[in-house]
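Close look at the chain arrangement
Here is how the chains run, residue by residue.
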Amino acid sequence: MTRTKKPSRRAVLVVFDTRTALLAVGTIASVWLLLKLWAILLVVIVALMIVGMLNPTVSRFEQRGISRNGAIACVFSAFVAAIAILLALTIPRLVSQVGELGDRLPQIQNDLANTLDAAKLAAPLSKTVRETQSKEIFTQLGKWGWAYSEDVIEVFAYGASTLFLSLYLMLDRDRMRGGLYSVIPRAYHVRLSRVLVNLEAIVGGYFRGQVITSVLMAVFTFSVLTIARVPNALALSLFAGLADVLPYVGALLVCGPAFLVALSKGMTVALVVLALLAAYQEFESRVIVPRVYGKELRLPPSIVMVSLLVGGTLLGILGALLALPIAAGLRMLVEELRVDLPGEEVQDEQSLARDAREELEFARRSAGAPATEAAAIATEIAEARHDADEAKKTED
């Protein structure tokens, strides 16, 4: 009788050297620091996006002979004024509408109950509506809003900090750019410049797409409310355009106030307004957003939809806001860093030869120049290439 040998157990020796330990500690510390400073990091990211949005306009002013500081003053003042005007036209009117709604809530409740009484299937709900203490609900909503007032103030404080930071970044562009390029080897200056120029174009395209979708939302809302003769249609429409910036939550912020104000014209009108706005929200998210952002960011509509879903799932509203520029940025980095993906063909010789010519030109022009001047030369070369590529795409 033969005996089956038991498999011998092998000891696994795990060795942690100093480098591995330091790497693990550094990773944990970085994650912890990121979680603690997440709000500040978000302020920096949004400030950089504002800079990327305003810089092209500042450059156009400079090309017309206006000094950079003067151009920044004009463009930034117009930007802040536009935000202030939009808030002034929307927030006070919405607050006034909420107060009027509180006064009319018992009448609205009675009208709704009468409407439910007229419908046989919905008649049992009329008793529940009549017995509901509407004033208590409104008071509870007020308490809930007051509880979150500190968060609202904090958001406005972060918003103000973001505006000031973006202004400082624009005014101090040359020195900050020189500091960045001083720690990067000169062999990578042209490539880094191409990445930064393309990132600026991506941010500008993202904001242009957002402006288009927000304007379309405001126009559609104004048309619906005007036809339905809902009061304060302009203020509600401007608020709808602003709220459209927020994925997912924007739909509730658009439909909710419009429905409540439309109740002054009757339940039927309010339901029609709600249905039309909800239908447009669905149409915008399924058709308009993929096409507009796909064109501005040069992303396929399918990638736009997947990016929004992934960003929203991972980081909620913030993730959905940043998903598209991040997706476009990653795609651009793969192209600019000449990364050969498994399913793609090897980079063509023409692009590689073009890179080599630009590197030689930069080396010749920046020889002996300090980091600030070298950064300006590299940026000039990258901008010329970007303009040529844009002109070629327009012709095609």
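Everything quoted here is computed from the prediction, not taken from an experiment.

Some thoughts on the overall build of the chain
Each helix and strand in the chain was counted, giving 14 helices and zero strands. Mapped from its N terminus to its C terminus, the chain presents α and β elements in the order α-α-α-α-α-α-α-α-α-α-α-α-α-α. Burial statistics for the chain: of 396 residues in total, 32% are counted as buried. Surface exposure of the chain reaches about 25300 Å², of which carbon and sulfur atoms provide 67%.

Thoughts on the side chain of arginine 177
With respect to the helices and strands, arginine 177 occurs in helix 7 (residues 173-182). The contacts of arginine 177, once residues within four sequence positions are left out, are Ala375, Ala376 and Thr379.

Some remarks on the side chain of serine 166
Note that serine 166 resides in helix 6 (residues 149-171). Apart from the residues lying within four places of it in its own chain, the contact partners of serine 166 are Ala47, Ile50, Val51 and Phe76.

Topic: the packing of aromatic side chains
Describing an aromatic ring pair means giving the distance of the ring centres and the angle of the ring planes. Under the definition given, this model contains three aromatic pairs. Consider the rings of tyrosine 206 and phenylalanine 207, whose centres lie 5.9 Å apart with planes at 75 degrees: the pair is edge-to-face. A single burial state applies to tyrosine 206 and to phenylalanine 207, both of which are buried. Three or more aromatic residues link up through ring pairs in this structure, and these residues are Phe220, Tyr280 and Phe283.

Let's talk about helix 2 (residues 38-63)
When the terminal C-alpha atoms of helix 2 are compared, their 38 Å separation across 26 residues agrees well with the 38 Å that a helix rising 1.5 Å per residue should span. Immediately beyond the C-terminal end of helix 2, within one or two residues, lies glycine 65, with a positive phi of roughly 95 degrees.

Regarding a nonpolar patch on the surface
On the surface, a nonpolar cluster with roughly 560 Å² of combined accessible area is contributed by Trp32, Leu33, Leu37, Ile40, Val44 and Leu48. Elements with a minimum of two residues in the nonpolar patch: helix 1 (18-36) and helix 2. For the nonpolar patch, the element with the highest residue contribution is helix 2, accounting for three residues. Mapped onto the secondary structure, leucine 33 falls in helix 1.

Details of the packing of helix 8 (residues 189-227) against helix 9 (residues 233-243)
The geometry of helix 8 relative to helix 9 is characterised by a closest axis approach of 8 Å and an angle of 150 degrees between their N-to-C directions. What the angle tells us is that helix 8 and helix 9 run roughly antiparallel. In terms of crossing hand, the pair formed by helix 8 and helix 9 is right-handed. Note on element contacts: helix 9 touches helix 8 through Ala233, Leu234, Leu236, Ser237, Ala240 and Gly241, opposite Ser214, Met217, Ala218, Thr221, Phe222, Leu225 and Thr226. Broken down by class, the residue content of the contact of helix 8 with helix 9 amounts to eight nonpolar, five polar and no charged.

With respect to the pattern of salt bridges
Taken as a whole and judged by the stated rule, the model has nine salt bridges. Its salt-bridge partner being aspartate 172, residue arginine 175 comes within 3.0 Å of it at the nearest N-O pair. Residues arginine 194 and glutamate 358 are paired through a salt bridge, measuring 3.2 Å at the closest nitrogen-oxygen approach. In this pair, arginine 194 is assigned in helix 8 and glutamate 358 in helix 13 (residues 349-365), connecting sequence segments 164 residues apart. According to the relative accessible area criterion, arginine 194 is buried, its value standing at 3%.

Analysis parameters
Residues numbered from 1 in each chain as written. Predicted model: local features only at pLDDT ≥ 70, side-chain atom pairs only at ≥ 80, totals over all residues. Heavy atoms only, no water. Helix = DSSP H or I, 4+ residues; strand = E, 2+ residues; numbered from the N terminus. Buried < 20%, exposed > 50% of the residue type's maximum accessible area, 1.4 Å probe, protein only. Areas by Shrake-Rupley, 256 points an atom, 1.4 Å probe, with all protein chains shown as cover. Contact = heavy atoms within 4.5 Å. Phe/Tyr/Trp six-rings, centres within 6.5 Å; stacked < 30°, edge-to-face > 60°. Expected span 1.5 Å × (residues − 1). Patch = residues over 30% accessible without salt bridge, like charges linked within 9 Å, V, L, I, M, F, W, Y side chains within 5 Å. Salt bridge = Lys/Arg side-chain N within 4 Å of Asp/Glu carboxyl O. Axes fitted to C-alpha atoms, helices over the stretch in contact; angles between N-to-C directions. Parallel < 35°, antiparallel > 145°, perpendicular 65-115°, else oblique. Left-handed = near helix turned anticlockwise from the far one by under 90°. Nonpolar A, V, L, I, M, F, W, Y, C, P; charged D, E, K, R; others polar.

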